[in-house]
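Read off the chains here:
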Amino acid sequence: MDGLYIKKTEGISLEAGIESVGSLRLLAQAGGLEVMRQSILKGATVWITPAEDVETLEFFHILSGALEMKVDGSPQQLAAGDSFYVHGLRDELLIRARQSTELLYITNRPLFDSLFGFQDDLTNLLRQIDEKDHYTYAHSVHVMCYSAKILEQMALDGMDTATVSLDTLMVASLFHDIGKCFVPDEILKKRQPLTESEQRFIVRHPMDSARILKQRFDEKIVEIARNHHERLDGSGYPFGLIGDEISVEARMIGVADSFDAMTTDRGYNRQMGCLEAAEELYALKDRYDRRVTGALLTLARS
């Protein structure tokens, strides 16, 4: 029948590392308008980022479930039947599902295809990491989660985090070690301390991470991943950067990366408790940013 369109559901799974946060299904698409159905699992957090096109409008109607978002520092509760939209959004908006939630999602700019491609890129990269070394895979997910928590705590502590994009931080932290795909298995999976010659392969991995990420993501993500082993006093690698030469995002991932290594059994290290590790990192003020380690210490004490 002319004018009638029946469309089979086309969808993607939305994931953060190994944990699924929900799904997005395309219902209709015409003239730049997209109608989608989005599901968010209970307890999952998603975020809406400012659009590059200032004319972009994104409308959400809650079909079932309940959401919570922070607006100007105050929590806002939304339930089934409520709606909200963003237009000219300046800062990222974090949304947490208090219950498993279904939303009708409408936007006046094409979005689904780009999200589908982006998610496919993430999935392929994660598969590369997991096939190479499952520890590195799990470590990458842990670092992403710690980085996000540190950013949230820094904001709660009143620090200015407006320049830090959560989206960028999450991608850079999840793939900061993708360059380890080029490290020989006998070195990467070795459960004894590395020799000096073996250590040279490890020192090279941030540059390899940058090279892989450059093919898919913007320069900011590349820079953060490349510099996550740099330290404030110049003792890090690969460039020996100091102080403000290291972005706050790279400093955050550096702390999260060290924290996970210290609290995980690698076979040759003394595994620390979370509080002990956080306290030790906080004490190393010449190497790690006190704003970042202070936020981590608050989290470890809570």
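Up top is the structure these notes are about.
The structure presented is a predicted model; accordingly, all values stated were derived computationally and were not measured. (Residues numbered from 1 in each chain as written. Predicted model: local features only at pLDDT ≥ 70, side-chain atom pairs only at ≥ 80, totals over all residues. Heavy atoms only, no water.)

Draft legend 1. Structural view of the nonpolar core. The biggest cluster of nonpolar side chains holds 47 residues, and the ones touching the most others in it are I150, F175, L213 and M252. Looking at this core, the elements that each hand over two or more residues are α1 (112-132), α2 (134-156), α3 (166-174), α6 (205-213), α7 (219-226), α8 (248-262), α9 (274-283) and α10 (290-301). When residues in this core are grouped by element, the largest group, 8 residues, is from α8. Those residues in contact with L213, other than ones at most four positions away along the chain, are L125, F175, I178, I221, V222 and A225. Residues I48, I62, L78 and L103 belong to the second largest nonpolar core, which totals 21 residues. (Core = buried A, V, L, I, M, F, W, Y, C linked by side-chain atoms within 4.5 Å. Buried < 20%, exposed > 50% of the residue type's maximum accessible area, 1.4 Å probe, protein only. Helix = DSSP H or I, 4+ residues; strand = E, 2+ residues; numbered from the N terminus. Contact = heavy atoms within 4.5 Å.)

Draft legend 2. Spatial organisation of empty space enclosed by the protein. Across all of its chains, the model carries 2 cavities of 30 Å³ or more by this definition. Taken as a whole, the largest cavity holds about 60 Å³ of empty space. Forming the boundary of the largest cavity are E230, R231, L232, I246, A250, R251, G254, V255, R287, Y288 and D289. Within the lining of the largest cavity, the residues separate by chemical class into 5 nonpolar, 1 polar and 5 charged. (1 Å grid on protein atoms, 1.4 Å probe; cavity = no way out; pocket = protein on both sides within 12 Å on 5 of 7 lines; lining within 4 Å. Points joined across faces, edges and corners; volume = space filled by probe spheres on them. Nonpolar A, V, L, I, M, F, W, Y, C, P; charged D, E, K, R; others polar.)

Draft legend 3. Inspection of α2 at higher detail. Over its 23 residues, α2 runs 33 Å from end to end, which matches the ideal 33 Å to within 8%, given 1.5 Å per residue. Among all positions in α2, only T136, Y137, H139, S140, V141, V143, M144, S147, I150, L151, Q153 and M154 are buried. Downstream of α2 by one or two residues, G158 has phi in the positive range, about 85 degrees. (Expected span 1.5 Å × (residues − 1).)

Draft legend 4. Region of interest: a positive patch on the surface. Taken together, the side chains of K42, R96, R98 and K149 define a basic patch exposed on the protein surface. For R98, the location among the structural elements is in the loop between β9 (93-97) and β10 (101-107). For R98, a relative accessible area of 33% translates into the label partly exposed. (Patch = residues over 30% accessible without salt bridge, like charges linked within 9 Å, V, L, I, M, F, W, Y side chains within 5 Å. Areas by Shrake-Rupley, 256 points an atom, 1.4 Å probe, with all protein chains shown as cover. Salt bridge = Lys/Arg side-chain N within 4 Å of Asp/Glu carboxyl O. Lys, Arg positive; Asp, Glu negative; His and termini not counted. Charge placed at Lys NZ, Arg CZ, Asp CG, Glu CD.)

Draft legend 5. Highlighting unusual backbone geometry. Following Y237, the chain continues into P238 via a peptide bond in cis, with omega recorded as 15 degrees. Note on placement: P238 falls in the loop between α7 and α8.

Draft legend 6. Just the pattern of salt bridges, in detail. All chains considered together, the criterion is met by 14 salt bridges. A salt bridge links E102 to R37; the nearest nitrogen and oxygen atoms lie 3.0 Å apart. Taken as a pair, E102 in strand β10 and R37 in strand β3 (residues 33-40) lie far apart in primary sequence, 65 residues in all. Note that R251 is salt-bridged to D244, the shortest N-O span being 3.4 Å. Owing to a relative accessible area of 13%, R251 belongs among the buried residues under this scheme. Residue D244 is classed as exposed on the basis of its relative accessible area of 76%. Among the charged side chains, a salt-bridge network with shared partners connects D244, R251, D289 and R291.

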